[in-house]
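Next come the chains, spelled out residue by residue.
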Amino acid sequence: MKTSKLFCFGHRGACGHAPENTLRSVRKALELGADGIEVDVHLVNGRLIVIHDDTLNRTTNGTGPVAEKSLDYLRLLDAGQGEHIPVLEEVFDLVNRRAIVNVELKGPETAAAVVQLVAEYVKTKGWRFEDFLVSSFDHAQIQTIKKLIPEIRTGVLVDKIPPDLAAYAEQLGAWSIHPNKRCVTPDLVAEAHRRRLKVFVFTINQPAEIAAMCRLGVDGVFTDYPVLIVTFNRAQDNIHP
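Residues numbered from 1 in each chain as written. Predicted model: local features only at pLDDT ≥ 70, side-chain atom pairs only at ≥ 80, totals over all residues. Heavy atoms only, no water.

## Here we look at helix α8 (residues 207-216)
Stated precisely, the cut-off is as follows: The rule is simple: take the accessible area with a 1.4 Å probe, protein chains only, and divide by the maximum for that residue type; under 20% is buried, over 50% is exposed, in between is partly exposed. Helix and strand assignments come from DSSP, with helices taken as H or I runs of at least 4 residues and strands as E runs of at least 2, each series counted from the N terminus. Note that the arc is computed from the directions linking the helix axis to the C-beta atoms.
Residues of α8 that are buried include every one of Ile210, Met213 and Cys214, and no others. What you see down the axis of α8 is that its buried residues fit within an arc of 100°, all on one side. Those residues of α8 that are exposed and angled more than 90 degrees off the buried face are Ala208 and Arg215.

## Some details on the pattern of salt bridges
Just so we agree on the cut-off: Basic side-chain nitrogens of Lys or Arg form a salt bridge, by our definition, when they fall within 4 Å of a carboxyl oxygen of Asp or Glu.
All chains considered together, the criterion is met by 15 salt bridges. Note that Arg195 and Glu191 form a salt bridge whose closest N and O atoms lie 2.7 Å from each other. By relative accessible area, Arg195 is classed as partly exposed at 24%. Given a relative accessible area of 26%, Glu191 falls into the partly exposed group.

## Side note on the packing of aromatic side chains
Our working definition: Only Phe, Tyr and Trp rings take part, Trp by its six-membered ring, and two of them pair if their centres are within 6.5 Å. Stacked means planes under 30 degrees apart, edge-to-face means over 60, and tilted covers everything else.
This structure, assessed with the given rule, holds eleven aromatic pairs. Plain terms: the ring middles of Phe7 and Phe200 are 5.9 Å apart, the flat faces sit at 55° to each other, and that makes the pair tilted. Of the two residues, Phe7 is situated in strand β1 (residues 7-11) and Phe200 in strand β8 (residues 198-201); the sequence distance between them amounts to 193 residues. An aromatic cluster is defined as three or more aromatic residues linked by ring pairs; in this entry it consists of Phe7, Phe9, Trp175, Phe200 and Phe222.

## Quick notes on the nonpolar core
Counted only if it meets this: By convention a nonpolar core is built from buried Ala, Val, Leu, Ile, Met, Phe, Trp, Tyr and Cys residues, the set being connected through side-chain atoms within 4.5 Å. In what follows, residue pairs with any heavy atoms lying within 4.5 Å of each other are defined as contacts.
The biggest cluster of nonpolar side chains holds 58 residues, and the ones touching the most others in it are Ile37, Leu88, Phe92, Val95 and Val218. The leading source of residues in this core is helix α4 (residues 111-124), at seven residues. Excluding its chain neighbours within four sequence positions, the residues that come into contact with Val218 are Leu6, Val184, Val189, Val199, Val201 and Met213. The next biggest cluster of nonpolar side chains, apart from the first, holds eleven residues, and it includes Val66, Leu71, Leu74 and Ala79.

All we've got here are geometric facts, nothing functional implied.
Okay, here's the thing in structure tokens:
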């Protein structure tokens, strides 16, 4: 029986290879053959800034809360190897429909801004709603997305598995669930698939984990090292031509 290939989301681009959430990282993920690119966004001065933390200290040469800085200040910072903090449009333009873009909502009030930008790219730049996936641990923002444009695919992020997660995600109108690798189970995968939900697991960086996710039947994974997933999938093709 042929083992299914795993959909590969480059986590924060390809952050095992390049500074996270930078254009260099996104470019590297594309070069390595990632099927999807995951980035994180905060809203600053009406623009969607691509950065994971709500403070600058870990990933840039700046300090302090992101929300307290001006857009001009943020754009001057070094986010690693001379890269600046991108705005989300730059990520979209770089990807240019070569991969699915998974936008994770990190900051408050990001949902409406992401919807507006996605709609613009669908209307004026030839993208499709299927080219995007919007996810969050803040499930109220997922509800906002679905109220504004139901056609946008959404993913429910969870660190722990609550009772009836698949049913809950289905009620939210989600397209996928994104569980932590520590809590994904065969029952969860089976129930999600029964409800026609995709299962994408984070964050998978070891060969043994990759094989385990494949055995569980998940649809895909988030990884800091897309080359590992791409290599695994190619090996599956060679074993089961």
